[in-house]
Amino acid sequence: MPATLTVRDETPAGGVMREWSLEFLEETITVRDLIRERVYQEVQDHNARGRSAEPYHGLVRPEAYERALNGPGTDAKARPIDWRKQFDRAVEAFEANQVLILIDDRQAESLDQTFTIGPRSVVTFLRLTLLVGG
């Protein structure tokens, strides 16, 4: 039976920027599975919209090359964003503590950490910004 998980993007101050649901085939998943499904879905949604006025708002930003190809002022049709590259970048960001993941208010510690999705499970993603000079 599919398990539905509530996902939130929050600011470090606790403001909710976005909230949506992800479905998984299994109730028990890893943090890696969570990141993969989130990134895959957001890239698929973005690519399906094509060349809309809305920029890509994913967990991590596309590499400079992809941003340049798809950035404002380009007349050519936007090229699809590669979800695998985005997934790799998201994993790197998690491992570098640039993205924190809270599972029911408990911080995820590793990509291989497993958790069970319950009826009220909420996962929060916090993107941390490095301060210059600090």
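Notes on the structure in this doc start here. (Residues numbered from 1 in each chain as written. Predicted model: local features only at pLDDT ≥ 70, side-chain atom pairs only at ≥ 80, totals over all residues. Heavy atoms only, no water.)

**Considerations on the overall build of the protein**
Helix and strand content of the protein: three helices and seven strands. Of the regular secondary structure in the protein, the N- to C-terminal order runs β-β-β-α-α-α-β-β-β-β. Within the protein, the proportion of its 134 residues that are buried is 37%. Restricting the contact set of the protein to residue pairs at least 6 apart, pairs at least 24 apart contribute 56%. If you sum the accessible surface of the protein, you get close to 8700 Å²; carbon and sulfur atoms cover 49% of it. (Helix = DSSP H or I, 4+ residues; strand = E, 2+ residues; numbered from the N terminus. Buried < 20%, exposed > 50% of the residue type's maximum accessible area, 1.4 Å probe, protein only. Contact = heavy atoms within 4.5 Å. Areas by Shrake-Rupley, 256 points an atom, 1.4 Å probe, with all protein chains shown as cover.)

**Quick notes on the layout of surface pockets**
With a probe scaled to a water molecule rolled over the atoms, the places where space remains empty come into view. Within this model, the largest pocket holds a volume of roughly 600 Å³. Leu59, Val60, Arg61, Arg127 and Leu128 are, among the 23 residues lining the largest pocket, the residues nearest its centre. Among the elements that line the lining of the largest pocket, the one with the most residues is helix α3 (residues 83–95), at three residues. In the lining of the largest pocket, the residues fall into eleven nonpolar, five polar and seven charged. (1 Å grid on protein atoms, 1.4 Å probe; cavity = no way out; pocket = protein on both sides within 12 Å on 5 of 7 lines; lining within 4 Å. Points joined across faces, edges and corners; volume = space filled by probe spheres on them. Nonpolar A, V, L, I, M, F, W, Y, C, P; charged D, E, K, R; others polar.)

**Considerations on helix α1 (residues 31–49)**
For α1, spanning 19 residues, the distance from its first C-alpha to its last is 27 Å, which sits close to the expected 27 Å at 1.5 Å a residue. Those residues of α1 that sit buried are Val31, Leu34, Ile35, Arg38, Val39, Glu42, Val43 and His46. Across the axial projection of α1, the buried residues extend over an arc of 140°, all falling on one side. (Expected span 1.5 Å × (residues − 1). Arc of directions from axis to C-beta.)

**Some thoughts on the sheet that holds strand β7 (residues 122–127)**
Pairing is mixed across the open sheet formed by five strands, whose spatial order is β2-β1-β7-β4-β5. Edge positions in the sheet fall to β2 (16–24) and β5 (106–107), since each has one partner strand and no second. With two bridges joining them, strand β4 (residues 99–103) and β5 adopt antiparallel strand pairing. Along β5, the bridge assignment pairs isoleucine 103 with arginine 106. (Pairing = 2+ DSSP bridges.)

**Brief notes about the side chain of histidine 46**
Structurally, histidine 46 can be placed in helix α1. Classification of histidine 46 as buried rests on a relative accessible area of 12%. Setting aside chain neighbours within four positions, we find histidine 46 in contact with Glu54, Pro55, Tyr56 and Ile81.

**Quick word on the packing of α1 against α3**
Contact geometry of α1 with α3 gives a least axis separation of 9 Å together with a crossing angle of 135°. Viewed along their axes, α1 and α3 adopt a mutual orientation that is oblique. Crossing angle aside, the handedness with which α1 passes α3 is right-handed. Residues Val31, Arg32, Ile35, Arg36, Val39, Tyr40, Val43 and Gln44 of α1 pack against Trp83, Gln86, Phe87, Ala90 and Phe94 of α3. (Axes fitted to C-alpha atoms, helices over the stretch in contact; angles between N-to-C directions. Parallel < 35°, antiparallel > 145°, perpendicular 65-115°, else oblique. Left-handed = near helix turned anticlockwise from the far one by under 90°.)

**Thoughts on the packing of aromatic side chains**
For any pair of aromatic rings, the description rests on two quantities: the centre-to-centre distance and the angle between the ring planes. For the coordinates displayed, the defined rule picks out two aromatic pairs. Between tyrosine 40 and tryptophan 83, the aromatic rings sit 5.2 Å apart at their centres with planes inclined by 90°, giving edge-to-face as the arrangement. Placement of the pair is tyrosine 40 in helix α1 and tryptophan 83 in helix α3, with a sequence separation of 43 residues. Residue classification places tyrosine 40 among the partly exposed positions, given a relative accessible area of 33%. (Phe/Tyr/Trp six-rings, centres within 6.5 Å; stacked < 30°, edge-to-face > 60°.)

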